[in-house]
Amino acid sequence: MNILKRNNRFYYTRPDGYPQIRVYHKKGSGKKIPRYLLKCGCCDEKLNGVNGSTDDWREILLPLLRIEKKGDKLIAR
């Protein structure tokens, strides 16, 4: 799985003008499972109030769901 490295600065805007979603990853160890925390780019809200562009959500979620984008088509791995 290849997740893009992201800049998690507060209110860091993308070229389309939307604030970039901040992504934090914790690795699993022992009995703890790995997790991802998604935070809004313009405020301190977590998953329920996260605003972001559709392209930003695709960059985050498609690799996690193991779906590749080739041209206009989405292909499951």
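One can find the structure itself at the top, above this paragraph.
Owing to the predicted nature of the structure, the values given are computational and were not obtained by experimental measurement. (Residues numbered from 1 in each chain as written. Predicted model: local features only at pLDDT ≥ 70, side-chain atom pairs only at ≥ 80, totals over all residues. Heavy atoms only, no water.)

Colleague: Mind showing me how you'd approach the nonpolar core here?
Modeller: As a rule of thumb, nonpolar side chains are buried together in soluble globular proteins. Listed in full, the five residues of the largest apolar core are I21, V23, L38, V50 and I60. When neighbours within four sequence positions are excluded, I21 is seen to be in contact with R6, L38, K39, V50, N51, G52, D56, W57 and I60. (Core = buried A, V, L, I, M, F, W, Y, C linked by side-chain atoms within 4.5 Å. Buried < 20%, exposed > 50% of the residue type's maximum accessible area, 1.4 Å probe, protein only. Contact = heavy atoms within 4.5 Å.)

Colleague: How should I be thinking about the state of the cysteines in this particular structure?
Modeller: Disulfide: a covalent bond connecting the sulfur atoms of a pair of cysteines. Here the structure, examined in full by the defined rule, presents zero disulfides. A disulfide-free cysteine, C43 has its sulfur positioned 3.7 Å from the sulfur of C40, the nearest such atom. (Disulfide = S-S within 2.5 Å.)

Colleague: Looking at this structure, I do not really get the environment of R66. What am I missing?
Modeller: Tracing the sequence through the fold places R66 in the loop between α1 (54-64) and β3 (67-70). When near neighbours in sequence (up to four residues on either side) are disregarded, R66 contacts I75, A76 and R77. (Helix = DSSP H or I, 4+ residues; strand = E, 2+ residues; numbered from the N terminus.)

Colleague: Any chance you could explain α1 here in plain terms?
Modeller: Since there are 3.6 residues in each turn of an α-helix, residues three or four apart along the chain are aligned in direction. Turning to α1, its buried residues are D56, I60, L62 and P63. Backbone geometry just after α1 places R66 at a positive phi near 60 degrees.

Colleague: Looking at this structure, how should I read the pattern of salt bridges?
Modeller: When charged atoms on two side chains of opposite charge get close, those side chains can pair. Taken as a whole and assessed by the stated rule, the structure comprises two salt bridges. Two residues, R58 and D55, come together in a salt bridge whose shortest N-O distance is 3.3 Å. Taken as a pair, R58 and D55 lie in helix α1 at a separation of three residues, close to a single helical turn. Given a relative accessible area of 41%, D55 falls into the partly exposed group. Its salt-bridge partner being K70, residue E68 comes within 3.8 Å of it at the nearest N-O pair. (Salt bridge = Lys/Arg side-chain N within 4 Å of Asp/Glu carboxyl O.)

By themselves, these observations are geometric and do not establish any function.
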